[in-house]
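Descriptive analysis of the structure
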Amino acid sequence: MRHTTRHPVLGANSLWHVYKTVPFWKVVKNFIVIQLARYSPFLGLKNWLYRTFLRVKVGEQTSFALMVMLDVMFPEKISVGRNTVIGYNTTILAHEYLIKEYRLGPVNIGSEVMIGANSTILPGVSIGDGAIVSAGTLVHKDVPPGYFVGGNPMRVIYSKEELEKRWAEDPIYKKEK
């Protein structure tokens, strides 16, 4: 279940009402900042741009790969924990404009999360700490902490316990005792 707030509109589809829901100059500024960040190879610069100009909550050592597209209208509804990787060309949305309504919802991505390339995260979704999202996934509902999910529609590939069992003997991922 996604956690969005629904706003009905009358007349034309909701996208025709866009500048009643978000100021035009905010969208222009956000677009410019997002485009600068999308093409920048400097991770620290991207995080600074997102925090400073878009009010995105970005944890320390989080990495946004090239071409990541943040929500251009409501980026302040996005938060990402520390030491997370957002893969190439991923889209993170905090809004959706439909025919008779528009919906807004926060996107909360935890710490130590890996999101594969070309994924899309819909509004109102939370991704728990330590989760893994396979490349090309449409994240349309919450992902529990430590789970490995993937596909379209998204499904669980491994639970936290199954993943820990698989990695028990792995030289990189096994937990030190």
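Please refer to the structure higher up on the page.
So, here is what we can say about the structure in this document. The model shown is predicted, which means the values in this text are computed figures rather than measured ones.

Here the focus is the pairing of strand β9 (residues 101-104). As defined by bridge partners, strand β1 (residues 5-8) adjoins β9 across four bridges and the pair is classed as antiparallel. Paired with Arg6 across the strands is Arg103, a residue of β9. Relative to β9, strand β8 (residues 95-97) runs antiparallel, the two sharing three bridges. The residue bridging His95 from the neighbouring strand is Leu104, located in β9. Hairpin remark: β8 followed by β9, antiparallel, with three residues in the connecting loop.

Structurally, His17 can be placed in the loop between β1 and α1 (18-21). Owing to a relative accessible area of 13%, His17 belongs among the buried residues under this scheme. Sequence-wise, His17 and Glu101 are 84 residues apart; in three dimensions their C-alpha atoms are separated by 9.8 Å. With residues near it in sequence (within four places) discarded, His17 still touches Val9, Leu10 and Ala12.

Strand order in the open sheet made by the four strands is β4-β7-β12-β15, with parallel pairing throughout. Edge positions in the sheet fall to β4 (69-70) and β15 (138-139), since each has one partner strand and no second. The sheet contact formed by β4 and strand β7 (residues 91-92) spans two bridges and is parallel. Bridge pairing in β7 links Leu70 to Ile92.

Here we take up the packing of helix α2 (residues 24-39) against helix α3 (residues 43-54). Across the interface, α2 lies against α3 with an axial gap of 9 Å and an inter-helix angle of 170°. Relative to α3, the element α2 is oriented roughly antiparallel. From α2, Lys29, Asn30, Val33, Ile34, Leu36, Ala37 and Arg38 reach across to α3, where they touch Lys46, Leu49, Tyr50, Phe53 and Leu54. In the contact of α2 with α3, the residues fall into eight nonpolar, one polar and three charged.

This brings us to the nonpolar core. Core analysis: the largest hydrophobic core is formed by 40 residues, its most contacted members being Leu70, Ile109, Ile121 and Ile127. In terms of residue count, the dominant contributor to this core is α2 (four residues). Beyond its immediate stretch of four places on either side in the chain, Ile121 contacts Thr90, Thr91, Ile92, Leu93, Val107, Ile109, Ile115, Ile127 and Val139.

In this fold, Gly11 is placed in the loop between β1 and α1. Residue classification places Gly11 among the exposed positions, given a relative accessible area of 76%. Each C-alpha atom, one on Gly11 and one on Arg82, is 43 Å from the other, the two residues being 71 residues apart in sequence.

What counts, and at which threshold
Note that residues are indexed from 1 along each chain, following the sequence as it is written. Residues qualify for local features only when their pLDDT is at least 70, as the model is predicted, and side-chain atom pairs are given and counted only at 80 or more; totals for whole chains, interfaces and linings, by contrast, use all residues. Side-chain numbers come from the whole structure's heavy atoms, not from hydrogens or water. When DSSP finds two or more bridges between a pair of strands, those strands are recorded as paired. Numbered from the N terminus, helices here are DSSP runs of H or I no shorter than four residues, and strands are runs of E no shorter than two. Burial classification: accessible surface area is computed with a 1.4 Å probe over protein chains only, and a residue below 20% of its type maximum counts as buried, one above 50% as exposed, and the rest as partly exposed. Whether two residues are in contact is decided by their heavy atoms: any pair within 4.5 Å suffices. Angles run from 0 to 180 degrees between N-to-C directions of axes, and those axes are lines fitted to C-alpha atoms, restricted for helices to the stretch in contact. Roughly parallel refers to an angle under 35 degrees, roughly antiparallel to one over 145, roughly perpendicular to one between 65 and 115, and oblique to any angle outside these ranges. Under the convention adopted here, Pro, Cys and the residues Ala, Val, Leu, Ile, Met, Phe, Trp and Tyr are nonpolar, Asp, Glu, Lys and Arg are charged, and Gly plus all remaining residues are polar. Definition of nonpolar core: a set of buried residues of the types Ala, Val, Leu, Ile, Met, Phe, Trp, Tyr and Cys, connected through side-chain atoms within 4.5 Å.

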